[in-house]
Amino acid sequence: MPNKLKIQYFALLREQRGLDEETVETKAATAEQLYEELVQKHGFGLPTSSLKVAVNDDFADWNAPLNDGDNVVFIPPVAGG
Amino acid sequence: MSTSPAFSISGDPLEPDKLKRHLLDSHAGALATFEGWVRNHNEGEAVDRLEYSSYPALANKEGQRIVAEAFEKFEIDAAIAQHRVGLLEIGEIAVWVGVSAAHRGAAFDACRYIIEEIKARVPIWKKEYYSRGATDWVNCHQAT
C-alpha cells in the first residue's frame with residue numbers, strides 16, 4: 001500500500017517546485033527515498049547532503065520509516081540572522 | 001516577568017524598546033543585546049533588500065529550545081529573541097536577542113550563544129536582491 005504524504009516546500013525548493021505544498025502517494029519507505037523520487041520527478045538541484053529533513057514538524061533521520069499521513073519537509077541550508 | 005514566548009517570528013518591524021521591557025528583573029545587573037541589521041552588501045555583491053522566510057512550526061520550536069539551552073548553560077535571569085520575516089530594507093533589524101543576568105559575563109555569553117545557534121539551526125532562509133537585478137537564496141549556491 002502506498003502512503004499518502006503531505007510535503008511542504010520552503011525557500012529554494014519552493015521556487016524550484018513552484019508550490020507551497022502538495023500531497024503525494026508514494027511507496028518510498030524513508031525520507032531519503034522520497035527525496036530521490038522527487039528529484040527524478042521535479043529536478044531539485046540540492047543534494048540530500050546539504051538538506052535536513054523534518055517529519056511532523058520535528059527534525060528526523062533520513063532513514064526513519066515514513067507513515068501514512070506524515071507531513072514531510074526538506075530543509076535547505078538555513079541562513080537566519 | 002513576561003509571558004511572551006522566548007523566541008518568536010515577526011512579520012512586523014522589531015521593536016527593541018518593547019522587547020527589552022520583557023527582560024527587566026530586579027535581580028539582574030546586566031543586559032546584553034544583539035541586533036542583526038540588513039546590510040547593503042554580501043560577498044562583494046551590492047544588495048538592495050532582503051527577504052526572509054521561515055518554516056514557522058519548526059522555527060518556533062527550535063528557537064525555544066535554543067533559549068532553554070541558554071538557561072541551562074549560563075546563569076541568566078531572562079532571555080528573548082525575535083526574528084523578522086518578509087521583505088526588509090537596508091538598515092532594518094532582522095534579528096534581536098536580549099539577555100539579562102546578575103553579571104555581564106553570563107549575559108554576553110548567553111546572548112552570543114543564542115544568536116550563533118539561531119543562525120546555525122533555525123529554519124529561516126534569506127533571499128538577497130542584488131543591485132544588478134538578480135536574486136539568490138543565501139547558502140544554496142544557486143543563482144536564479
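Residues numbered from 1 in each chain as written. Chains lettered and ligands numbered in written order. Predicted model: local features only at pLDDT ≥ 70, side-chain atom pairs only at ≥ 80, totals over all residues. Heavy atoms only, no water.

Here's the deal with the nonpolar core
Residue and element names in this part refer to chain B. Membership of the largest hydrophobic core comes to 34 residues, with the highest contact counts inside it found for Tyr-52, Ile-76, Val-97, Val-99, Ile-114, Ile-118 and Val-122. Residue assignment for this core shows that the elements contributing at least two residues are β2 (30-37), β4 (45-54), α2 (56-73), β5 (76-84), β7 (93-101), α3 (104-121) and β8 (124-130). In terms of residues, this core owes the most to one element, α3, which gives eight residues. Residues contacting Val-99, with those up to four places away along its chain left out, are Leu-23, Ala-30, Leu-31, Ala-32, Ile-76, Ala-78, Ala-79, Ala-107, Ala-110, Cys-111 and Ile-114. (Core = buried A, V, L, I, M, F, W, Y, C linked by side-chain atoms within 4.5 Å. Buried < 20%, exposed > 50% of the residue type's maximum accessible area, 1.4 Å probe, protein only. Helix = DSSP H or I, 4+ residues; strand = E, 2+ residues; numbered from the N terminus. Contact = heavy atoms within 4.5 Å.)

Digging into the sheet that holds strand β5 (residues 71-75) of chain A
Residue and element names in this part refer to chain A. As summarised here, the arrangement of the five strands in space is β2-β1-β5-β3-β4, forming an open sheet in which the pairing is mixed. Both outer strands of the open sheet, β2 (21-26) and β4 (58-60), are each paired with one neighbouring strand and no more. Between one strand axis and the next, the sheet turns through 35° on average, direction left out of account. The pairing of strand β1 (residues 3-8) with β5 spans three bridges and is classified as parallel. (Pairing = 2+ DSSP bridges. Axes fitted to C-alpha atoms, helices over the stretch in contact; angles between N-to-C directions.)

Points about the interface of chain B and chain A
Listed per partner, the contact involves 28 residues of chain B and 21 residues of chain A. Around 2,100 Å² of area is buried between chain B and chain A when both sides are counted, 57% of it from carbon and sulfur atoms. Ionic pairing is found between A:Glu15 and B:Lys127, a salt bridge with its closest N-O pair at 2.5 Å. Linking chain B with chain A are twelve residue pairs in polar contact (both at pLDDT 80 or more). When contributions to the side of chain B that touches chain A are tallied by element, the ones reaching two or more residues are β4, α2, β7, α3 and β8 of chain B. The greatest single-element share of the side of chain B that touches chain A, amounting to six residues, is contributed by α2(B). Across the side of chain B that touches chain A, the residue classes break down as 15 nonpolar, six polar and seven charged. (Buried area = accessible area lost by both parts, 1.4 Å probe. Salt bridge = Lys/Arg side-chain N within 4 Å of Asp/Glu carboxyl O. Polar contact = N/O pair within 3.5 Å; in protein donor to acceptor, adjacent residues only side chain to side chain. Nonpolar A, V, L, I, M, F, W, Y, C, P; charged D, E, K, R; others polar.)

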